[in-house]
Amino acid sequence: MTSLGDSRTTYQQDLIGRIEYQSAKPIKAYEKWSIASVDTVIKSIETIIIASPDLAQFCQSVRDGSHETYLYPPLQVIFRTIEGAAAEVTGYKRTQFRQLVSIADHVPDAENMSFPLDKPDFVLAEVPPTSGPLTPAIDLGSDSIKWRQISGFIDVKPDVKEGPNTTKSSSVREIVSQGANYARLIMAARPFQLYVLCVFIYGHKFSLGWYDRRGVIISDDYDILDNLDIFVNVILQLTTHMTTYQLGHDRSARLLEGHSYYQFEYPSFLVSIGAAGDTRLWKTQGPPIWSSLSLLGRGTATWRAVSAENKPNQKQVVVILKTLWRSQTRESESNIYAHIKSPLPGVAELSLGDDVCIPVAREAHARVTIGTLRSLILDDGAGVLDDLVLHRLTLKTVGLPLWDASTTKDFILGSLAALKGHQGLVEQGILHRDMSPGNIFVGGPDHAEGWGGFIADLELASVTQPETETVASLHPLSPSTGQLNTRGIFLEETVPSSSKAPGAEITGTALFMAEELLSMMLHPDKSKEKIRPAQIKREVHHDLESFILVLFYSVMKRGLERRLWHKNPDNEYQIQELYRTLFGGQTIRLILQGRSYFLDESNPPVYLLEVLDSPTKQLLYGCWMLLKFQRPSSFPIDEAMAKVNQRMQWERLRGSKVITYDQLYEIYDVAVIELSGVN
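Quick notes on the rules
Residues numbered from 1 in each chain as written. Predicted model: local features only at pLDDT ≥ 70, side-chain atom pairs only at ≥ 80, totals over all residues. Heavy atoms only, no water. Buried < 20%, exposed > 50% of the residue type's maximum accessible area, 1.4 Å probe, protein only. Helix = DSSP H or I, 4+ residues; strand = E, 2+ residues; numbered from the N terminus. Pairing = 2+ DSSP bridges. Salt bridge = Lys/Arg side-chain N within 4 Å of Asp/Glu carboxyl O. Contact = heavy atoms within 4.5 Å. Axes fitted to C-alpha atoms, helices over the stretch in contact; angles between N-to-C directions. Phe/Tyr/Trp six-rings, centres within 6.5 Å; stacked < 30°, edge-to-face > 60°.

Moving on to the pairing of strand β17 (residues 388-395). Burial analysis of β17 places eight of its eight residues in the buried class, the great majority of the element. In the sheet, strand β13 (residues 318-327) pairs with β17 via eight bridges, with the strands oriented antiparallel. Residue pairing in the sheet places Trp325 in a bridge with Leu390 of β17. Of the pairings in the sheet, the one linking strand β14 (residues 350-355) to β17 comprises five bridges and is antiparallel in character. Bridged to Asp354 within β17 is Arg392.

See the structure below:
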């Protein structure tokens with residue numbers, strides 16, 4: 001099995017050039033107070049902390065070079081003192097209820113999201129309101145903290161030398177890349193979180209951090225003793241005063257009345273586009289269908305939602321609500337949907353969409369961009385390179401993720417309908433370019449004919465360029481029978497590729513990207529062995545390879561979540577390991593290693609296929625062979641697989657370089673014939 005690597009350091013390469021060091025901006029986020037006597041409050045708390053033994057214990061542990069875990073107890077007491085002492089001593093009235101919690105060996109509950117086991121040293125957890133000055137202490141032995149409760153974090157290192165600031169622009173300190181990992185998990189668990197604030201403590205120093213979809217801003221280094229007033233101010237703001245919006249929550253999405261981030265069930269939200277005069281609201285239902293695990297990039301999230309307007313005797317119509325960050329240099333997804341000629345079976349239909357706006361002055365609204373947020377919160381007028389804008393849309397076509405298909409028939413016919421939808425787009429000159437699990441659905445129970453399954457998310461789609469357009473490819477690719485639109489070149493702009501996945505600054509989700517494209521991104525500079533940008537030509541067969549990978553992902557995810565193979569623990573373990581290896585890579589190199597493991601003819605995934613019903617086995621076996629057919633195969637076959645071999649005649653494909661629609665349809669034909677005997 002391949003190692004997934006240390007996800008806490010995955011972002012070091014990707015953050016280079018995206019960090020602003022020793023900045024005066026982050027402190028601006030903590031300067032807005034709604035009470036006039038705040039200086040008196042902070043001074044009173046300073047006096048209490050200086051007189052307590054906890055600050056002295058912390059400083060002594062730092063001087064002794066103690067392990068960072070020895071710093072947690074005194075810091076925890078200091079944080080709780082700041083949270084409660086203001087009200088006890090000065091009568092200060094808190095307006096917000098959060099608690100900084102040292103979570104030790106406790107891993108926050110990700111609620112079925114595929115999160116790593118990484119966690120910060122302290123989390124800023126939202127907790128129920130209390131009438132007293134101090135929120136009841138969270139008992140990690142009996143109280144579970146959910147990732148969605150966490151709106152910020154503090155990370156601790158024992159040595160000043162481990163701080164985030166550096167004079168080398170080509171390097172990223174580990175504490176910063178670890179923080180990037182925590183920030184992306186917070187944003188994934190709270191998809192309406194637009195940025196994340198944090199505090200870094202290293203020895204007797206501390207600094208403030210800001211993470212958003214375009215990078216990181218780190219404050220100057222402060223001394224805990226010499227700048228105790230700043231330290232108290234920051235902790236008091238985080239726990240008792242800053243609003244959720246000041247902490248980074250989207251102003252156009254508010255919690256439904258009576259709902260909270262700490263409640264047992266995932267909360268619902270009232271969501272708007274936010275433009276002036278646009279009063280339409282949608283109410284989300286349940287947790288997000290899909291939430292991106294990336295930090296940099298689009299941060300896509302989708303939800304099931306209904307209109308918040310309660311009209312008598314009118315049935316609520318469910319829509320798919322989607323939010324993402326888009327580049328202003330590209331057409332918006334809403335505009336791309338407008339290119340489709342008439343409703344196209346197998347492709348989601350757009351209801352409405354626009355860039356999200358927030359009020360910035362009386363009767364004035366501004367689009368939500370990274371630059372706008374930095375300007376409003378940090379007084380940062382420097383601008384942002386390739387500034388991203390928040391975009392929101394609703395889709396009329398509603399379905400379930402492919403892995404939630406109720407039956408084998410729904411899975412096979414639904415995925416087939418989605419494949420036909422993809423072909424229909426190509427025939428209209430549109431290539432999807434991001435075939436990933438969050439973009440392929442099975443239709444609802446009352447779906448229209450042709451929409452038993454469908455694809456969505458056209459934000460990265462492209463249109464054909466003139467036939468004379470040529471782009472160098474890693475391998476010469478020849479057109480093959482059944483490959484539509486092989487004359488047109490779907491060309492995306494040159495972008496800086498990176499080592500991370502998913503959500504890298506590339507077109508498409510890297511975990512499901514065609515192997516050829518991943519390899520093109522890893523052309524090393526022989527002298528420096530660094531990742532370098534690659535111009536990527538995207539063609540139809542690349543999307544079809546991604547489609548196949550989504551089929552495997554969905555079958556394994558469905559089976560593992562439903563414990564379909566629990567009666568055979570050895571098989572279940574092997575499938576878990578395959579799922580983790582194939583779809584858990586955190587870098588492009590690890591993703592490629594996972595593919596090699598998956599396609600290793602000396603250890604083919606027979607253990608997966610032998611636990612599946614016959615139609616699903618035939619579909620996945622045929623697809624596995626399509627990925628593998630350039631190489632000789634020693635795959636042990638049974639009667640069901642032999643039918644696929646008879647139909648496909650693999651030997652005639654040995655010289656072919658691309659996967660085609662016709663090949664996939666032939667495999668589906670075999671599986672569909674077999675469906676009559678399976679539910």
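Still to come is the rest of the account.
Quick look at the pattern of salt bridges now. Inspection of the entire model under this criterion finds 23 salt bridges. When the shortest N-O distance is used, the salt bridge between Glu83 and Arg94 registers 3.0 Å. Taken together, the positions of Glu83 in helix α4 (residues 72-90) and Arg94 in the loop between α4 and β2 (98-102) put the pair 11 residues apart, joining distant regions of the chain. Overall, the relative accessible area of 2% leaves Glu83 in the buried class. The partner of Arg374 in a salt bridge is Asp212, and the shortest N-O contact between them spans 2.8 Å. Taken together, the positions of Arg374 in helix α8 (residues 370-378) and Asp212 in strand β6 (residues 205-212) put the pair 162 residues apart, joining distant regions of the chain. Just as Arg374 is buried, Asp212 falls in that class too. Via salt bridges that share partners, Arg298, Lys322, Glu333, Asp434, Asp457 and Glu459 belong to a single interconnected network.

This brings us to the environment of Ser144. Examined against the element boundaries, Ser144 turns out to sit in the loop between β3 (122-126) and β4 (150-157). Separated by 35 residues in the primary sequence, Ser144 and Asp109 have C-alpha atoms spaced 6.9 Å apart. Beyond its immediate sequence surroundings of up to four residues, Ser144 is in contact with His106, Asp109 and Gln149.

In this fold, Asn439 is placed in the loop between β19 (430-431) and β20 (440-443). Setting aside anything within four residues of it in sequence, one finds Asn439 in contact with His432, Asp434, Phe454, Ile455, Ala456 and Asp457.

Now for the sheet that holds strand β10 (residues 269-271). If you trace the seven strands from one edge of the open sheet to the other, you get β9-β10-β11-β12-β13-β17-β14, paired in antiparallel fashion. Pairing within the sheet leaves two strands with one partner each, and these edge strands are β9 (253-255) and β14. The mean inter-strand angle of the sheet, taken between neighbouring strand axes irrespective of direction, is 35°. In the sheet, β10 pairs with strand β11 (residues 282-291) via two bridges, with the strands oriented antiparallel. Across the sheet, residue Val271 finds its bridge partner in β11, namely Trp282.

Here the focus is the packing of aromatic side chains. Going through the model one piece at a time under the given rule, you end up with 24 aromatic pairs. Residues Phe192 and Trp303 carry aromatic rings whose centres are separated by 5.0 Å and whose planes lie at 5° to one another, so their mutual orientation is stacked. Separated by 111 residues along the polypeptide, Phe192 in the loop between α5 (174-189) and β5 (196-202) and Trp303 in strand β12 (residues 301-307) bring together distant segments of the chain. Residue Trp303 is classed as buried on the basis of its relative accessible area of 0%. Centre to centre, the rings of Tyr261 and Phe269 are 5.7 Å apart; their planes meet at 55°, and the pair counts as tilted. For Tyr261, a relative accessible area of 2% puts it in the buried group. Aromatic ring contacts, followed pair by pair, group Tyr72, Phe79, Phe122, Phe206, Tyr222 and Phe231 into a single cluster.

In this section: the environment of Leu281. Secondary-structure assignment places Leu281 in the loop between β10 and β11. As a C-alpha pair, Leu281 and Ala308 span 27 residues in sequence and 5.4 Å in three-dimensional space. Excluding its chain neighbours within four sequence positions, the residues that come into contact with Leu281 are Arg254, Val271, Ser272, Val306, Ser307 and Ala308.

Spatial strand order, β18-β20-β21: three strands in an open sheet with antiparallel pairing. One side of each edge strand has no neighbouring strand; the edge strands of this open sheet are β18 (399-401) and β21 (453-455). Taken over all neighbouring pairs, the strand axes of this sheet differ in orientation by 35° on average, direction set aside. As judged from the three bridges shared by β20 and β21, these two strands associate in the antiparallel manner. The residue of β21 that forms the bridge with Phe441 is Phe454. In the packing of helix α9 (residues 408-427) onto the sheet, the strands contacted are β20 and β21, and the crossing angle to β21 comes to about 40°.

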